[in-house]
Amino acid sequence: MSIELRNRLFEQLDQLVLIDPHTHINALDPSSHTLADILGYHYYTELSHSAGMPKELIEEEGISAKEKVGRLIENFGPITNTIQYSWFIEMAQKLLDFEGDSVTVDNWESLFDAAEKKMSADNWTETVFEKSRLESVFLTNDFDDPLEGFDTSKYVPCLRTDDLVFHLTNPRTKVRLLEATDTDVTDVASARTAIGKLFAHFTSKGAKACAISLPPCFAPVHVSDARAETALASVLSKGTAADEADQRAVSNFIFWTLAENCRAHKLPFDLMIGVNRKVFPAGVYQGQDLYDSRVSLIQYKDLLNAFPDVTFPISVLASVTNQELVSYSWIFPNVVANGHWWYSNTPTYIQQDCAARLEAIPRTKQIGYYSDMYKMEFALPKFAMYKRILAKVLAENFVIDRNWSEEAAVELGTQLLRGNVETIFDVGN
Amino acid sequence: MSIELRNRLFEQLDQLVLIDPHTHINALDPSSHTLADILGYHYYTELSHSAGMPKELIEEEGISAKEKVGRLIENFGPITNTIQYSWFIEMAQKLLDFEGDSVTVDNWESLFDAAEKKMSADNWTETVFEKSRLESVFLTNDFDDPLEGFDTSKYVPCLRTDDLVFHLTNPRTKVRLLEATDTDVTDVASARTAIGKLFAHFTSKGAKACAISLPPCFAPVHVSDARAETALASVLSKGTAADEADQRAVSNFIFWTLAENCRAHKLPFDLMIGVNRKVFPAGVYQGQDLYDSRVSLIQYKDLLNAFPDVTFPISVLASVTNQELVSYSWIFPNVVANGHWWYSNTPTYIQQDCAARLEAIPRTKQIGYYSDMYKMEFALPKFAMYKRILAKVLAENFVIDRNWSEEAAVELGTQLLRGNVETIFDVGN
Amino acid sequence: MSIELRNRLFEQLDQLVLIDPHTHINALDPSSHTLADILGYHYYTELSHSAGMPKELIEEEGISAKEKVGRLIENFGPITNTIQYSWFIEMAQKLLDFEGDSVTVDNWESLFDAAEKKMSADNWTETVFEKSRLESVFLTNDFDDPLEGFDTSKYVPCLRTDDLVFHLTNPRTKVRLLEATDTDVTDVASARTAIGKLFAHFTSKGAKACAISLPPCFAPVHVSDARAETALASVLSKGTAADEADQRAVSNFIFWTLAENCRAHKLPFDLMIGVNRKVFPAGVYQGQDLYDSRVSLIQYKDLLNAFPDVTFPISVLASVTNQELVSYSWIFPNVVANGHWWYSNTPTYIQQDCAARLEAIPRTKQIGYYSDMYKMEFALPKFAMYKRILAKVLAENFVIDRNWSEEAAVELGTQLLRGNVETIFDVGN
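In this text the structure is predicted, and so the values were computed from the model without any measurement. (Residues numbered from 1 in each chain as written. Chains lettered and ligands numbered in written order. Predicted model: local features only at pLDDT ≥ 70, side-chain atom pairs only at ≥ 80, totals over all residues. Heavy atoms only, no water.)

### Considerations on the overall build of chain A
Per the secondary structure count, chain A includes 18 helices and eleven strands. In terms of overall size, chain A behaves like a compact globule, its C-alpha atoms giving a radius of gyration of 22 Å where 429 residues would be expected to give roughly 22 Å. Taking the principal axes of the C-alpha coordinates as reference, chain A spans close to 65 × 60 × 40 Å. Within chain A, the proportion of its 429 residues that are buried is 63%. When contacts within chain A are restricted to residue pairs at least 6 apart in sequence, long-range pairs at least 24 apart make up 75% of them. Taken together, the 39 basic and 59 acidic charged side chains of chain A have centroids lying 3 Å from each other. (Helix = DSSP H or I, 4+ residues; strand = E, 2+ residues; numbered from the N terminus. Rg over C-alpha atoms; globule rule 2.2 N^0.38 Å. Buried < 20%, exposed > 50% of the residue type's maximum accessible area, 1.4 Å probe, protein only. Contact = heavy atoms within 4.5 Å. Lys, Arg positive; Asp, Glu negative; His and termini not counted. Charge placed at Lys NZ, Arg CZ, Asp CG, Glu CD.)

### Focus on the relation of the copies chain C and chain A
The transformation that overlays chain C on chain A combines an axial shift of 0.0 Å with a rotation of 120 degrees, and the residual RMSD is 0.0 Å. Within this description, the copies of the chain are treated as partners about a three-fold rotation axis. By residue overlap, the copies meet through two different surfaces: only 8% of the interface positions of chain C are interface positions in chain A. (Least-squares fit on C-alpha atoms with pLDDT ≥ 70 in both.)

### Structural notes on the sheet that holds strand S10 (residues 335–338) of chain B
Residue and element names in this part refer to chain B. The sheet built from six strands is open, its strands ordered S4-S5-S6-S9-S10-S11 with parallel pairing. Here the strands that pair on one side only, and so sit at the sheet edges, are strand S4 (158–160) and strand S11 (366–367). Sheet analysis places S10 next to S11, joined by two bridges and oriented parallel. What sits directly across from Ala337, in S11, is Gln366. Sitting on the sheet, helix H13 (residues 244–265) touches strand S5 (209–214) and strand S6 (269–273), and the angle it makes with S6 is about 145 degrees. With respect to the sheet, helix H15 (residues 322–331) is in contact with strand S9 (312–316) and S10, its orientation differing from that of S10 by roughly 145 degrees. (Pairing = 2+ DSSP bridges. Axes fitted to C-alpha atoms, helices over the stretch in contact; angles between N-to-C directions.)

### Remarks on the pattern of salt bridges
In this structure the tally under the stated criterion is 75 salt bridges over all chains. Put simply, Glu90 of chain A and Arg388 of chain A hold a salt bridge, and the shortest N to O gap is 2.7 Å. Residue Glu90 of chain A is found in helix H6 (residues 83–96), and its partner Arg388 of chain A is found in helix H17 (residues 379–400); the two are separated by 298 residues along the sequence. Overall, the relative accessible area of 11% leaves Glu90 of chain A in the buried class. In this structure, Glu67 of chain C and Arg71 of chain C form a salt bridge, with 2.8 Å as the shortest nitrogen-oxygen distance. (Salt bridge = Lys/Arg side-chain N within 4 Å of Asp/Glu carboxyl O.)

### Regarding the interface of chain C and chain A
Bring the parts together and some accessible area is lost; that lost area is often taken as the interface size. The partner chain A presents 41 residues to the 39 residues of chain C that form the contact. Both sides together, the interface formed by chain C and chain A hides about 3,200 Å², and carbon and sulfur atoms give 55% of it. When residues of chain C are sorted by the area they lose upon contact with chain A, Gln323, Trp330 and Ile331 of chain C head the list and together hold 25% of the total. Scanning the region where chain C abuts chain A turns up two salt bridges. Linking Arg6 of chain A and Asp401 of chain C is a salt bridge whose minimum nitrogen-to-oxygen distance equals 2.8 Å. Along the lines of polarity and charge, the residues of the side of chain C that touches chain A split into 20 nonpolar, eleven polar and eight charged. (Buried area = accessible area lost by both parts, 1.4 Å probe. Nonpolar A, V, L, I, M, F, W, Y, C, P; charged D, E, K, R; others polar.)

### Focus on the sheet that holds strand S2 (residues 134–138) of chain C
With parallel pairing, three strands are arranged side by side in an open sheet as S1-S2-S3 (chain C). Edge positions in the open sheet fall to strand S1 (18–20) and strand S3 (155–156) of chain C, since each of these has one partner strand only.

### Quick look at the interface of chain A and chain B
In this assembly, 39 residues from chain A lie in contact with 41 residues from chain B. Surface buried jointly by chain A and chain B totals about 3,200 Å² across both partners, of which 55% is contributed by carbon and sulfur atoms. In terms of surface lost to chain B, no three residues of chain A exceed Gln323, Trp330 and Ile331 of chain A, which account for 25% of the buried area on that side. Where chain A meets chain B, there are two salt bridges.

### Considerations on the relation of the copies chain A and chain B
Each copy superposes on the other: chain A lies on chain B with an RMSD of 0.0 Å after a rotation of 120 degrees and an axial shift of 0.0 Å. The share of interface residues of chain A whose copies in chain B are also at the interface is only 8%, consistent with the copies meeting through different surfaces.

### What to know about the pairing of S9 of chain B
Residue and element names in this part refer to chain B. The buried fraction of S9 is high, at five of five residues. The alternating pattern of S9 places Phe312, Ile314 and Val316 and Pro313 and Ser315 on opposite faces, both of which are buried. By the bridge criterion, three bridges tie S9 to S10 in an arrangement that is parallel. Bridge assignment links Pro313 to a residue of S10, and that residue is Val336.

### Remarks on the domain arrangement of chain A
Residues and elements named next belong to chain A. On domain assignment, one finds that chain A holds domain 1 (34–119) and domain 2 (128–425). Residue-level contacts link 20 residues of domain 1 with 28 residues of domain 2. When the area that domain 1 buries against domain 2 is broken down by residue, the three leading residues are Tyr41, Trp87 and Leu95, summing to 30%. Where domain 1 touches domain 2, the interface holds one salt bridge. Counting the contacts that link domain 1 with domain 2 gives four residue pairs in polar contact (both at pLDDT 80 or more). Only helix H2 (35–39), helix H3 (42–50), helix H4 (55–59) and H6 provide two or more residues apiece to the side of domain 1 that touches domain 2. Of the residues in the side of domain 1 that touches domain 2, the class split is ten nonpolar, three polar and seven charged. (Domains from an automatic or database assignment. Polar contact = N/O pair within 3.5 Å; in protein donor to acceptor, adjacent residues only side chain to side chain.)

### Section: the packing of aromatic side chains
Per the counting criterion, the structure on display carries 84 aromatic pairs over all chains. A centroid spacing of 4.8 Å and a plane angle of 75 degrees characterise the contact between Phe398 of chain B and Trp404 of chain B, whose relative ring orientation is edge-to-face. A relative accessible area of 1% means that Phe398 of chain B is categorised as buried. For Trp404 of chain B, a relative accessible area of 17% puts it in the buried group. Aromatic side chains Tyr41 of chain C and Tyr44 of chain C sit 6.4 Å apart centroid to centroid with 55 degrees between the ring planes, which places their arrangement in the tilted category. Considered together, Tyr41 of chain C and Tyr44 of chain C belong to a single accessibility category, that of buried residues. The positively charged end of Lys154 of chain B is found above the aromatic ring belonging to Phe129 of chain B, 4.2 Å away from the centroid. (Phe/Tyr/Trp six-rings, centres within 6.5 Å; stacked < 30°, edge-to-face > 60°. Lys NZ or Arg CZ within 6 Å of the ring centre and 35° of its normal.)

### Looking at unusual backbone geometry
In the Ramachandran plot, Asp426 of chain A falls in the positive-phi region, its phi being about 55 degrees despite a non-glycine side chain. Mapped onto the elements, Asp426 of chain A comes out in the segment after helix H18 (406–425).

### Observations concerning the state of the cysteines
Summed over all chains, the structure comprises zero disulfides over all chains. A disulfide-free cysteine, Cys262 of chain C has its sulfur positioned 4.0 Å from the sulfur of Cys210 of chain C, the nearest such atom. (Disulfide = S-S within 2.5 Å.)

### Some details on the pairing of strand S6 (residues 269–273) of chain A
All names here are of chain A. Counting buried residues in S6 gives five out of five residues, a clear majority hidden from the surface. Of the two faces of S6, the one carrying Phe269, Leu271 and Ile273 and the one carrying Asp270 and Met272 are both buried. Alignment of strand S5 (residues 209–214) against S6, held across five bridges, turns out to be parallel. Bridged to Leu214 within S6 is Ile273. As paired elements, S6 and strand S9 (residues 312–316) share three bridges and run parallel to each other. Residue pairing for S9: Leu271 is matched across the bridge by Ile314.

Below is the structure:
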């Protein structure tokens, strides 16, 4: 009973045309050219590396796309159980007309060739958008991105700010800021001017969010201008040799300034909380980051209280933080639960986290899912995974456990998948 | 199969007459007079506030009960998914003969009027007790509560001690202590005397528990009398300006003294662990508290070892602490797992936590549920929610997974719901 | 549907002949002689103690095996709900031909007598191995174990190193080291020599792993030889009176030296992370340890990076750490998720943890289960519990949710139960 029920709910949710509110798509080159663009995704390279494939073999310079794909698929055996592998298969079936249910040394070449052919079509990106039922995708733009050469209503700009908050110690950041804003950041006032110009630029180009990823130890506080002044002087002159306290004060000052600009420009500020960078420096590209699950949203107490008018869509890296996210979204008007991020983007954790959110956070304050993808082809299988789990939770926890009608359940699912993205980010409506 | 099974188990558990071992009922005014008493519950005001309803609209002074209810129901749209909303609907259906399955701008007025009429009946409280199949409820009494004017076998007193442990810095607390005990607390000896008198008073009035809620940072240790003496002097003279170390020492001294009195008077000491007060000061009344899930029962190691003869029914605020509660209850004879508290009182967390307890804690050491209610009308839907989940866990994890008979499963459920309340708190038997 | 399906999967997994990769079996006396050996297991004594049975009654010196068993069974009432009790019943049914489904004051004596008779048979141990479908078991050997008098291919030695890392403060450890290695540990060089000899001895006897249990606060770092030298001098002369920093430096130095020897001898290094010893000193034998769930694998970052060639099968005590274990196994080639340990070895946590691992860790890097048993009779019911849960997860999360064939699901289960033990520990193949 429950299986037919959830299939019915899935079918309806699967008809929706969606907006993907967080991706790493390059608007100038959004989709893949060969399977190497697909399998070069860190979800595959890191799993293959973890399963024993040498980094040198994976990342060898100068090998052809076909060679790279062949090597990775030859080493697929140990990862066929993973949900990530299933994304690849579903993508191949639905977008590339692949008919098998596993890709092996025996059949990969024909798939590679077929993919290359399809992907070289002029309208390939359009085809992917259509088959994936996607209307638009949010980008992740460096602060000095010119945001030119693409349709910003389809590829929605989003100001990514990790460099500003955590890497002003790097002289290159100051140079990039100067080039992007014509402002030489030398003190608090010029820093404010430069950041204000970034926001003006981004919002003039249709940006719909500011975003940042944050380490577990970060606990933003307001610092006085005087403190910011000395800290900034220290960091700009000494770089990474600056006192840790000064570096922290600068991060806090910049972070607070970003929040002030989000308020002024009415931009939601996506907080992605919990990542430790380069925990495994010998890992493959983008496969080096991990986390410490000992983090709490209480660290954001001052921020959430200081900016009641800024909406903070929050993503947490570890599922053990999800209950805090539920509780903080249930109490703070400006906190929104946002998707299922990275290491929590696997079915078991999504199901538990999604169910807990659906029953205790106002339905208007939950963004169901974003793909976090680097290439357009991943939206389809990732959203499909989420929609199946959402359908399961709606079927079991609402229709069966709480006697909801199927229609009401689909309506709730629709709001999570589409409606809230529109209202929270002011897009597509 | 499993759904019929769990319905059968639920039907049997639902016949039980229960004692609610933790509520905030006012014995002199236990039930509601209008729907405003129901919807004024922080579970509704805080969700509506979180969903965007201004605090001023919710808490405006001088508006009528009907006006308040109307405003809240007009803003119900965003919270119809929540389990808290479902409590309201089930309460209306079962206690107020409401026939719909949603309360909207179109039907709320007639419900309001019908409710007011029913609630004004002389025997309304009795009716609620009967329909809810409740025999008695535990109260949460301030230490200076005279405990007069009500039947203490039906409204069982419970000494709440947060003020004593954490607010001796407030001069008002000292005055209240003097008024309640005729003892002027000026030093360790007089503090012991005063607290002893409170316990004598409460137990003479049939109190069956001492209770306290504790912040995540609290880690009780024994302090010497000499240390307590200087700390108490500092706190009594300087109030909140006293050294933090002194404040902590006083909290520890008072807390330890409470445990000594629990031992002397054979009272269980309910520990409700994990709440941070006033995290969101701009929140609605009672909708300002949150938590830091980074807490461990290891913080209570000294206490649990020092008082082997005191039973500690422990509630934890975050589900991530539940496994520790399971393990500590499994090892320490004096630890009992107590209900599903506040932010963990939602189906997904209850189910996971309940299942983990049922399979690893002795069956005599688990208190299934308490309502934590402020008005009598909430016992019915809250216990019903819990009983449905308990029936589900018993059906799936015991009857199906472990081949238990339905009879044995119901017996286990009965012990959690009723038997253990009797034996642990020495009531109703 | 799902129940028949999981039964079919279970039946197939239950046919496998297994190697148990972590036990506390005494190779010279592996199985029980009476039920007292079974019920003396801390899982029963601690639960009975927790449920109110006095320690003096449980551990009284000089009582007969029959008297001890009688006392424990008389007090079984409060623990019949626990999964541990169900192990006892299943063991009695499958190994002792017990026909009831509960052991009570009315029937225990005949069971005791029947058990004693069966257990006194010369081939009892062989019978248990056969009925349990076990081929061999890993031991937990003290570093000074001579490893003589038994078949090391059936009872596989494993070097347990807690004493070396944490108890060099105890003069007895130094004496035992001298006796075992003919090396008087007085400085860094002689410590290295002694440890090298232990590894040579153990590997010459067919040891297949080095293992250690670690407290939540441990965070291994490399210390210089100079630092180790002064710290070791301090610890060897002052014992537990040595500076805490010195004790920590010695633990780090020894721990790092163990990892170096694991690398040199190609031994996996089992890390069992999270236990606090003697939290409840008044508890029964082996029923005194608990934990602090606030622990993170980030504490092992330096170690994991420093020893890419050492395989670390990691067990975590608390289920809240399982997601980190999933993520670290997904990224680090040298991290393997290992079994379900102790307080996480109950169905609810196993199911959640197992499901999360199966969908995100390469299938080659997961060791499904070990029994941790002290007596051979426990392998059967403990593995049976795990196999039922594994079958449930494979049925629901793979066959139903992901359209896997039953054959593919059984293959994955087989790899977790048997294949990976062979490849990771280089045994049985």
